[in-house]
Amino acid sequence: MPDTEQTNNIFETGGIFANRELLRVGHVPELERVVGRDDEVNSIGQALGPATIGGPPETTIVYGKTGAGKSLVTRCVAREAHTEAETNDITFQHAYVDCSDYQTETKASREMARQLAVNLDADVDVPRVGIAAADYRDITWDLLDDFGVDSLVVILDEIDKLDDDELLRSLSRARESGKSKTHIGAICISNKIEYRERLNERIDSSLQDNELVFDPYDAGQLREILDNRTDAFEDGVLEGDVIPKVAALSAKEHGDARKAIDTLYEAGRLAEKQGTESVTVAHVDDAVKRAEVNRFEKLVSGTTPHVKYILRALALLTTDNPAQAAFRTHRVYNLYVTLAQGEGAEPLSEDRVYRLLKEQSFLGVTESNHTGGGQGEGSYLEHRLLRDPEIVVEALDVSA
Ligand SMILES: Nc1ncnc2c1ncn2[C@@H]1O[C@H](COP(=O)(O)OP(=O)(O)OP(=O)(O)O)[C@@H](O)[C@H]1O
Ligand SMILES: [Mg+2]
């Protein structure tokens, strides 16, 4: 008989989360949980509207920065269109293809056919390999025909990853070329605004009319999105100023809902780890800082020890001289030499360090500017750290 008094539950999770799934990446909420995107929901609704009454869906290109809700809104509205079409006795189908997972025309065409077969509950074999892209598309046209599908929308997410435009072209021509009787449209999604130029050069001008841009979220919208997920936490655990803080920080930094939700989750996890009873703004600050340290650590993890000594030297100078932000090469060099020697490394030449500093400024970690000295002094280069020195030092400690 196990002695329950002494058995520690090693899987004990603490009393912070009631349903952590709601804060996890990959969770696709229902349309009712999609907030702050009414205009975008309506625009996609307009594009899909004709398809819900048996007409042609309008092909649309959706742009916007990462975490702006493009994939979510598109998928939710497509799901909704399906229901709406049913009430009109129309067979509407959609296939979702994430082109970052299926980057060739063949793989994407296969995924389209496979998704359609799954959605139709069709008993067909979509071979994994061995047939050409055009054959996968033929399977698609056959499925549409066999099931009497009136309208189809293919969502091509992250379309900039796709190696060519043939799939999109064949979708837009399928009906006029007599391959399919179904009305077919596409929703193309990209977070690369440069892609717009590329697409405009290569694709039919008719596609260019329907462009939809998702702006980054503002603090109010992020707050709404986060407020909608508070049931992820146990009652009363989340202090009142936590969500406004996460929303304000996220709006200022990126306007990315995914990152904002992640910050809230990480704050909760820290509280859980510390065994506290509530999640506070201090947990939020800590979560943000840890994320920054992680990002910076990843950035420097591939560099040489000497680059790390240089960055540490600049960070220490910045912390020790609050009144000054930029430091001459020679000053950075002197401290670098001390740090390198302290680690038992042979220091590089000052010229080499100068060049490594310039390299870092190309990477956006530091900034190097010429400053005119006094008369006759000539100009010299000054280096400024563009990151929080405390975070830089912490990341360097971790990666050491
Ligand atoms: N309006 C919203 N309401 C509720 N949750 C949202 C909203 N927008 C985004 N989210 C949440 O943020 C996550 C990221 O959104 P989404 O995947 O749609 O971003 P995206 O614009 O497609 O970004 P990427 O370009 O990186 O693919 C979603 O899974 C969802 O959890
Ligand atoms: Mg997306």
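Cut-offs applied
- Residues numbered from 1 in each chain as written.
- Chains lettered and ligands numbered in written order.
- Predicted model: local features only at pLDDT ≥ 70, side-chain atom pairs only at ≥ 80, totals over all residues.
- Heavy atoms only, no water.
- Near = heavy atom within 4 Å.
- Areas by Shrake-Rupley, 256 points an atom, 1.4 Å probe, with all protein chains shown as cover.
- Nonpolar A, V, L, I, M, F, W, Y, C, P; charged D, E, K, R; others polar.
- Helix = DSSP H or I, 4+ residues; strand = E, 2+ residues; numbered from the N terminus.
- Expected span 1.5 Å × (residues − 1).
- Bend = angle between axes of the 7 residues up to and from the residue.
- Buried < 20%, exposed > 50% of the residue type's maximum accessible area, 1.4 Å probe, protein only.
- Contact = heavy atoms within 4.5 Å.
- Salt bridge = Lys/Arg side-chain N within 4 Å of Asp/Glu carboxyl O.
- Pairing = 2+ DSSP bridges.
- Axes fitted to C-alpha atoms, helices over the stretch in contact; angles between N-to-C directions.
- 1 Å grid on protein atoms, 1.4 Å probe; cavity = no way out; pocket = protein on both sides within 12 Å on 5 of 7 lines; lining within 4 Å.
- Points joined across faces, edges and corners; volume = space filled by probe spheres on them.
- Domains from an automatic or database assignment.
- Core = buried A, V, L, I, M, F, W, Y, C linked by side-chain atoms within 4.5 Å.

Observations concerning the site of ligand 1
Thought 1: Within the structure, ligand 1 sits among 21 residues, and Val35, Thr66, Lys70, Ser71 and Tyr217 are positioned closest to it.
Thought 2: Considering ligand 1 on its own, with 630 Å² of exposed area, one finds that the protein chains cover 92% of that surface.
Thought 3: Looking at the shell around ligand 1, its residues break down into eight nonpolar, six polar and seven charged.

Notes on helix H1 (residues 38-52)
Along an α-helix, residues three or four apart share an orientation, since each turn contains 3.6 residues.
Thought 1: The first and last C-alpha atoms of H1 sit 19 Å apart over 15 residues, in line with the 21 Å expected at 1.5 Å per residue.
Thought 2: Glutamine 46 marks where H1 bends most, by close to 35°; the proline proline 50 follows one to four residues later.
Thought 3: All buried positions along H1 are accounted for by Glu40, Val41, Ile44, Ala47, Leu48, Ala51 and Thr52.
Thought 4: Elements that come into contact with the buried residues of H1 comprise strand E1 (60-64), helix H2 (70-87), strand E2 (92-98), strand E3 (151-157), strand E4 (183-190) and strand E5 (211-214).
Thought 5: At the exit of H1 stands glycine 54, carrying a positive phi of roughly 90°.

Focus on the pattern of salt bridges
Thought 1: This model, assessed by the stated rule, comprises 20 salt bridges.
Thought 2: For aspartate 165, the salt bridge identified is with arginine 169, shortest N-O distance 3.9 Å.
Thought 3: Overall, the relative accessible area of 6% leaves aspartate 165 in the buried class.
Thought 4: Notably, a salt bridge pairs arginine 384 with glutamate 367, separated by 3.2 Å at the nearest N-O pair. With arginine 384 in strand E8 (residues 379-385) and glutamate 367 in strand E7 (residues 366-372), the pair connects residues that are 17 residues apart, well separated along the chain.
Thought 5: Accessibility expressed as a relative area gives 31% for glutamate 367, which makes it partly exposed.
Thought 6: One salt-bridge network, held together by shared partners, links Asp165, Glu166, Arg169 and Arg173.

Section: the sheet that holds E3
Thought 1: Pairing in this open sheet of five strands is parallel, and the strands run E2-E3-E4-E1-E5 from one edge to the other. Every other strand in the sheet has two partners, leaving E2 and E5 as the edge strands with one partner each. Ignoring which end each strand starts from, the neighbouring axes of this sheet average 15° apart.
Thought 2: Pairing between E1 and E5: four bridges, direction parallel. When the sheet's bridge partners are listed, tyrosine 63 is paired in E5 with valine 213.
Thought 3: Packing against the sheet, H2 makes contact with E1, E2, E3, E4 and E5, and its axis sits at approximately 160° to E2.

What to know about the layout of surface pockets
Thought 1: Taken as a whole, the largest pocket encloses approximately 820 Å³ of empty space.
Thought 2: When residues are assigned to domains, the lining of the largest pocket turns out to be shared by domain 2 (218-299) and domain 3 (302-399), each giving three or more.

A short note on the nonpolar core
Thought 1: Counting residues in each nonpolar core, the largest one holds 33 residues, and the members touching the most others are Leu156 and Leu171.
Thought 2: Looking at this core, the elements with two or more residues in it are E1, E2, helix H3 (105-120), helix H4 (133-146), E3, helix H5 (166-173), E4 and helix H6 (194-202).
Thought 3: Per element, the largest residue contribution to this core is six residues, and it comes from H3.
Thought 4: If near-sequence neighbours (up to four positions away) are discounted, leucine 171 is found in contact with Met112, Trp141, Val154, Leu156, Ile184 and Ala186.
Thought 5: Of all hydrophobic cores here, the second largest spans 29 residues; its members include Val293, Leu339, Leu356 and Leu385.

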